[in-house]
Amino acid sequence: MLAYLVALRRHEIGIRMAVGANAGAVLRLVLLEGMRMVGAGLLLGLLGGSVLALLTAVTLAALLPALRAVRVSPVEAMRSE
């Protein structure tokens, strides 16, 4: 993905170098772009993982009562009231 973005920005990078940007500045530009993408991916992954863990915990916590509810005999339930 980063290689594709650099290829798209090739003209811009050429202009930057023509007006005085050195190789270090261009390298920093590309590395920062890559780090932003990695950071966004990590953030989304951590948030997604937290949500998935919470969803799993809630599902497991609700599973036992749900299984008990399914096993209730209607006759027994009506008799106890």
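Residues numbered from 1 in each chain as written. Predicted model: local features only at pLDDT ≥ 70, side-chain atom pairs only at ≥ 80, totals over all residues. Heavy atoms only, no water.

### Comments concerning the overall build of the protein chain
A tally of regular secondary structure across the protein chain gives four helices and zero strands. Secondary structure elements in the protein chain, listed N-terminal to C-terminal, are α-α-α-α. The globule rule puts the C-alpha radius of gyration for 81 residues at 12 Å, and the 28 Å found for the protein chain is more than 25% above it. Across its three principal directions, the C-alpha atoms of the protein chain cover 90 × 20 × 15 Å. Looking at the protein chain, you have 8 positive and 4 negative side-chain charges, and the mean spots of the two groups are 14 Å apart. (Helix = DSSP H or I, 4+ residues; strand = E, 2+ residues; numbered from the N terminus. Rg over C-alpha atoms; globule rule 2.2 N^0.38 Å. Lys, Arg positive; Asp, Glu negative; His and termini not counted. Charge placed at Lys NZ, Arg CZ, Asp CG, Glu CD.)

### Some points on the confidence of the model for the protein chain
Per-chain confidence: the protein chain averages 91 in pLDDT, with 98% of residues scoring 70 or above. Helix 4 (residues 74–80) is the least confidently modelled element of the protein chain, averaging 80 in pLDDT, while helix 2 (residues 10–18) averages 94, the highest of any element. (pLDDT = per-residue confidence, 0-100.)

### Some points on the pattern of salt bridges
According to the stated counting rule, one finds five salt bridges in the structure shown. Between Glu 33 and Arg 9 there is a salt bridge whose closest N-O contact spans 3.8 Å. Here Glu 33 is found in helix 3 (residues 23–71), whereas its partner Arg 9 is found in the loop between helix 1 (2–8) and helix 2, with 24 residues between them in sequence. Classification of Arg 9 as partly exposed rests on a relative accessible area of 26%. Residue Arg 16 pairs with Glu 12 through a salt bridge whose shortest N-O separation is 2.9 Å. Remark: Glu 12 and Arg 16 occur in helix 2; sequence separation between them is four residues, near one turn of the helix. (Salt bridge = Lys/Arg side-chain N within 4 Å of Asp/Glu carboxyl O. Buried < 20%, exposed > 50% of the residue type's maximum accessible area, 1.4 Å probe, protein only.)

### Some points on the environment of Leu 27
Mapped onto the elements, Leu 27 comes out in helix 3. Taking the C-alpha atoms as reference points, Leu 27 and Ala 53, separated by 26 residues in sequence, lie 38 Å from one another.

### Examining a nonpolar patch on the surface
A cluster of nonpolar side chains, Met 1, Tyr 4 and Leu 8, forms an exposed patch at the surface whose accessible area comes to about 400 Å². For Leu 8, the position within the fold is in helix 1. (Patch = residues over 30% accessible without salt bridge, like charges linked within 9 Å, V, L, I, M, F, W, Y side chains within 5 Å. Areas by Shrake-Rupley, 256 points an atom, 1.4 Å probe, with all protein chains shown as cover.)

### Considerations on helix 3
With 49 residues, helix 3 ought to run about 72 Å at 1.5 Å a step, and its terminal C-alpha atoms sit 71 Å apart, in line with that. Where helix 3 bends most, at Leu 63, the angle is about 30 degrees, and the proline Pro 65 comes one to four residues later. (Expected span 1.5 Å × (residues − 1). Bend = angle between axes of the 7 residues up to and from the residue.)

### Re the environment of Ala 61
Relative to the helices and strands, Ala 61 resides in helix 3. For Ala 61, a relative accessible area of 55% corresponds to the exposed category. Separated by 22 residues in the primary sequence, Ala 61 and Gly 39 have C-alpha atoms spaced 33 Å apart.

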